[in-house]
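Each chain, written out:
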Amino acid sequence: NKYKMTRPTILIGIGSGGLRSIEAAWKLSLEAPADSRPLIEYIYLETDKSNQPASPKIVMSPLTIDDIKASKQAVEQDYSCTTSWLNGQVFPDNVFSGAGGSPIVGRMTIWDKANRQKFVTNLQAALQNLRRTSLETPLVYVVCSFGGGTGSGIFLDMAYLIRETLSNQVEL
């Protein structure tokens, strides 16, 4: 069957570039007959609350911060060995309408505890959904653009977080 994917997949889009990519994949999957659609779970991470996915099948994991100064202090306390990238950086007061093309602002959003936990919960739910229909080890793909702030800021941290969360449960 030309439509059937060989493995279940978790497709993660970061930022507006990632959203466009996973929406294109979702639309392409709709071309397959209903009984042979690929097993794909979609997760979308975004710092701009107004940038909503076109399908309810794409689970949005918002990356917003009410008080970035408090969040920065918490990151420095919780992860003191990994915060040298914060030194001397200028941040906005909050993050609701995108990272503003600043990778450091994008990166800060994934280190926020509430954002990390919401993403981890969505990731674990996606894996459970796939496991209900297939015993095969799922693949995980992360797509984003490196031209803005959200994707370019969190891509590597996201890969680490996925590996840490799903160790030995998926193929990265």
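See the structure shown above.
What counts, and where the lines are drawn
Residues numbered from 1 in each chain as written. Predicted model: local features only at pLDDT ≥ 70, side-chain atom pairs only at ≥ 80, totals over all residues. Heavy atoms only, no water. Buried < 20%, exposed > 50% of the residue type's maximum accessible area, 1.4 Å probe, protein only. Helix = DSSP H or I, 4+ residues; strand = E, 2+ residues; numbered from the N terminus. Axes fitted to C-alpha atoms, helices over the stretch in contact; angles between N-to-C directions. Parallel < 35°, antiparallel > 145°, perpendicular 65-115°, else oblique. Left-handed = near helix turned anticlockwise from the far one by under 90°. Contact = heavy atoms within 4.5 Å. Expected span 1.5 Å × (residues − 1). Phe/Tyr/Trp six-rings, centres within 6.5 Å; stacked < 30°, edge-to-face > 60°. Lys NZ or Arg CZ within 6 Å of the ring centre and 35° of its normal.

A. Helix H3 (residues 103–111), seen in detail. Counting buried positions along H3 gives seven out of nine residues, so the element sits mostly inside the fold. When H3 is considered as a whole, its buried residues turn out to be Ile 104, Val 105, Gly 106, Met 108, Thr 109, Ile 110 and Trp 111.

B. Seen up close, the packing of helix H4 (residues 113–133) against helix H5 (residues 150–166). For the pair H4 and H5, interaxial distance at closest approach is 11 Å and the crossing angle is 55°. Accordingly, the angle class assigned to the pair H4 and H5 is oblique. The handedness of the crossing between H4 and H5 comes out as right-handed. Residues Arg 116, Phe 119, Val 120, Leu 123, Gln 124 and Leu 127 of H4 form the contact with H5, whose participating residues are Met 158, Leu 161, Ile 162, Glu 164, Thr 165 and Leu 166.

C. Quick look at the side chain of Asn 115. If you trace the backbone, Asn 115 turns up in helix H4. Overall, Asn 115 belongs to the buried group, its relative accessible area being 6%. Beyond its immediate stretch of four places on either side in the chain, Asn 115 contacts Pro 62, Leu 63, Thr 64, Ile 65 and Thr 109.

D. Structural context of helix H1 (residues 15–29). If you check H1, its first and last C-alpha atoms are 21 Å apart, about what 15 residues at 1.5 Å a residue would give, namely 21 Å. Of all the residues in H1, the buried ones are Gly 15, Gly 17, Gly 18, Leu 19, Ile 22, Glu 23, Trp 26 and Ser 29. Turning to H1, the residues buried within the fold contact strand E1 (9–14), strand E2 (40–46), strand E3 (58–62), strand E4 (139–144) and H5.

E. Geometry of the packing of aromatic side chains. Applying the stated criterion to the full structure yields one aromatic pair. The ring centre of Trp 111 lies 5.1 Å from the NZ or CZ of Arg 116, which sits over that ring.

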